[in-house]
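# Coordinates in review
The residues making up each chain are set out below.
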Amino acid sequence: MHQSAVSLEFDWSFFDSQVIGKDHGVSKEELEKYSNQAEKVWKKLIEDKERSQLAFWNILENDLVLAEIRNIEQVVRKKDWENVILLGIGGSALGAMAIFRALRHPFHNLEAKPRLFIMDNIDPVTFLSLLDMINWERTLVIAISKSGTTAETMSQFLIVLDRIKKKLGASSVRDQVIVITDPEKGILRSIARSTDIPSCSVPPLLGGRFSVLSPVGLVPALCVGVDIEMLWQGAVWAAKRAGDNHFMDNPSVKMGLYQFIFDSEKKKPIHVYWAYSDALYPLSDWIRQLIAESLGKKRADGTSVGITPIKALGVTDQHSQLQLYREGPNDKVIIFLGVKSWERDVEIPSLEESVGSLEYLGGHTLGELFHAEQRATACALAEAGRPNMTLWFPVLNAFTLGQAFFMFELQTAFMGGLYGINPFDQPGVELSKLMTYGLMGRKGFEEYAAIVEKFGSWKR
Ligand code: PA5
């Protein structure tokens, strides 16, 4: 076992029919009913892994990814960068955001250098505001796109290249830009080659939302001083345990099976990832994309499947969503993401004069209040027959976060098998891409612009 091995913990009790009732909870018998199907799906996953067709697992079997990152490290360390700007969207941004927020100071950009700006949208006001503010001489740009063709990232990239050339001269592009993309395919790869921009490769079979443990998530993390070896070790450790243990003891399988049963048998298609820690909130964004884009699909017979993942933040959303979750339609499953021990805590002072209704707070810490509220929320939901479970980070560090990334990736692949769909493609996002090409005047896509025109009158 790795020295700093601290394992994620899982409290399933409020999923159990014995606790929350048989209409809304899941019994042992119901879990067992699916064990054959689960075993088949599991065996297929292991076969795919053995045939090197399960990229998110296969990348953890050797150190090629880390070696790739070491190659680029000299560019990262070349200057005393003041800013790092990440250009990327979807799977090319959300992993880096989750790592950055979980493992760095909550106000990193105010207290440390380099600052990290993750530009995962093309809102012109936000984008230009950043570009106008920064000192270009001390700014490193990381352009990330697995396909190397994504319109949003490519547009950002062209704008940034133009800025650097105009401000610092064309040759500076080689010193200030890193490209992370497919080793062969895509226009971003061609540009990197023709202009000599340093680059890192994303393993060819690894799709965007499964790529956090590749240069896509790890290079930005390295830039801001995250211990990426430890993140990697956490994932490797979780992968090894998943392979060694009986499949039903595997948290990815258990979580996947529960969520599948809640969706298909208990009429609960909405799954809330409720982070009880500011630092874990962007992780729920990463999970949301992983689940939505991987599992929201049509089967071969044309039926639609998938759960709807949404996110919430504790304790804030107790004052926004909890009323709905406890008394609204019982169509939700709640997965709390909790941290057991806080890195810092503060005692709530007692007032000298006695103020009756506040006396109970004095002497407790904010962390205690936070945990009491989390526990009370979970119990209040259970009391109303609302299924919920807690995934605990005993401590939130690179090792436990690495485990969580692997655990959710494996769960998603497993659920893809249960639903009978391919979790690694995203055919449903294609049409709007083609329509956008048509609307932007790309040659060969005129027919898609025509479909849009036919549909309506929405004009700018
Ligand atoms: O998971 C996915 O495949 C997508 O969300 C992609 O990450 C997103 O569309 C960006 O794609 P790319 O990295 O090719 O620019």
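It should be noted that the structure appears before, not after, this text.
Note that the structure is predicted; figures quoted are calculated from it, not measured.

### So, the sheet that holds strand S12 (residues 388-393)
Spatially, five strands are ordered S1-S12-S11-S7-S10 in an open sheet, and the strand pairing comes out mixed. Each edge of the open sheet carries a strand with a single partner, namely strand S1 (9-11) and strand S10 (308-313). Averaged over neighbouring strand pairs, the angle between their axes works out to 20 degrees when direction is ignored. Sheet topology note: the S1/S12 ladder contains three bridges and is antiparallel. Counterpart to Phe-10 in the pairing with S12 is Leu-391.

### Digging into the pattern of salt bridges
One pass over the structure, following the stated rule, counts 25 salt bridges. Note that Glu-30 is salt-bridged to Lys-266, the shortest N-O span being 2.9 Å. Placement of Glu-30 in helix H2 (residues 28-33) and of Lys-266 in the loop between helix H14 (251-265) and strand S7 (270-276) is noted, with a sequence separation of 236 residues between them. The class of Lys-266 is buried, set by a relative accessible area of 9%. Close ionic contact of Arg-163 with Asp-132 constitutes a salt bridge, the shortest N to O distance being 3.0 Å. With Arg-163 in helix H9 (residues 151-168) and Asp-132 in helix H8 (residues 124-133), the pair connects residues that are 31 residues apart, well separated along the chain. Assessed through its relative accessible area of 55%, Asp-132 is described here as exposed.

### Quick look at unusual backbone geometry
Here Lys-113 and Pro-114 are connected by a cis peptide whose omega angle stands at -10 degrees. On the secondary structure map, Pro-114 appears in the loop between helix H7 (108-111) and strand S3 (115-119). Each neighbour pair has its own omega, and for Gly-314 with Val-315 the value is 0 degrees, a cis peptide bond. By the secondary structure assignment, Val-315 is in the loop between S10 and helix H16 (322-327). The backbone of Lys-267 sits at a positive phi, close to 55 degrees, despite the residue not being glycine. Mapped onto the elements, Lys-267 comes out in the loop between H14 and S7. The exposed category is assigned to Lys-267, whose relative accessible area is 70%.

### Here we look at the site of the ligand
Around the ligand sit 13 residues in total, of which Ser-92, Ser-145, Ser-147, Thr-150 and Gln-289 are the nearest. A distance of 2.8 Å is found between an oxygen atom of the ligand and a backbone nitrogen or oxygen belonging to Lys-146. Residue Glu-293 places a side-chain N or O atom 2.8 Å away from an oxygen atom belonging to the ligand. Of the residues belonging to the shell around the ligand, the class tally is one nonpolar, nine polar and three charged.

### Considerations on the environment of Asp-63
Take Asp-63: it is sitting in the loop between helix H4 (55-58) and helix H5 (64-76). Spatially, the C-alpha atoms of Asp-63 and Trp-232 are 9.5 Å apart, while their sequence positions differ by 169 residues.

### Examining the nonpolar core
In terms of nonpolar packing, the biggest core is built from 103 residues, with Leu-283, Trp-286, Phe-405, Phe-406 and Phe-408 touching the most fellow members. Examining the composition of this core, we find that 13 residues originate from one element, helix H18 (residues 398-419), more than from any other. No fewer than three residues from each of domain 1 (3-33 + 234-419) and domain 2 (58-226) sit in this core. Setting aside residues no more than four positions away along its own chain, Phe-406 makes contact with Phe-56, Trp-57, Leu-60, Ala-235, Ala-238, Ala-239 and Ala-242. Of all hydrophobic cores here, the second largest spans 22 residues; its members include Phe-127, Leu-131, Met-154 and Ile-164.

### Description of helix H11 (residues 187-195)
Listed as buried for H11 are Leu-188, Arg-189, Ile-191 and Ala-192. For H11, the angular spread of the buried residues around the axis is 165 degrees, confining them to a single face. Each element contacted by the buried residues of H11 is listed here: strand S4 (139-145), H9, strand S5 (177-181) and strand S6 (199-201).

### Looking at the packing of aromatic side chains
Per the counting criterion, the structure on display carries 25 aromatic pairs. Pairing Phe-260 with Tyr-419 gives two aromatic rings, centres 4.9 Å apart and planes at 75 degrees, and the pair type is edge-to-face. Here Phe-260, found in helix H14, pairs with Tyr-419, found in helix H18; they are 159 residues apart in sequence, far enough to count as distant. Here Phe-260 matches Tyr-419 in class, with each residue buried. An aromatic cluster of three or more residues is present, and its members are Trp-42, Phe-56, Trp-57, Phe-210, Phe-406 and Phe-424. Positioned above the aromatic ring of Tyr-437, the side-chain terminus of Arg-442 is 4.3 Å from the ring centre.

Rules and cut-offs
- Residues numbered from 1 in each chain as written.
- Predicted model: local features only at pLDDT ≥ 70, side-chain atom pairs only at ≥ 80, totals over all residues.
- Heavy atoms only, no water.
- Pairing = 2+ DSSP bridges.
- Helix = DSSP H or I, 4+ residues; strand = E, 2+ residues; numbered from the N terminus.
- Axes fitted to C-alpha atoms, helices over the stretch in contact; angles between N-to-C directions.
- Salt bridge = Lys/Arg side-chain N within 4 Å of Asp/Glu carboxyl O.
- Buried < 20%, exposed > 50% of the residue type's maximum accessible area, 1.4 Å probe, protein only.
- Near = heavy atom within 4 Å.
- Polar contact = N/O pair within 3.5 Å; in protein donor to acceptor, adjacent residues only side chain to side chain.
- Nonpolar A, V, L, I, M, F, W, Y, C, P; charged D, E, K, R; others polar.
- Core = buried A, V, L, I, M, F, W, Y, C linked by side-chain atoms within 4.5 Å.
- Domains from an automatic or database assignment.
- Contact = heavy atoms within 4.5 Å.
- Arc of directions from axis to C-beta.
- Phe/Tyr/Trp six-rings, centres within 6.5 Å; stacked < 30°, edge-to-face > 60°.
- Lys NZ or Arg CZ within 6 Å of the ring centre and 35° of its normal.

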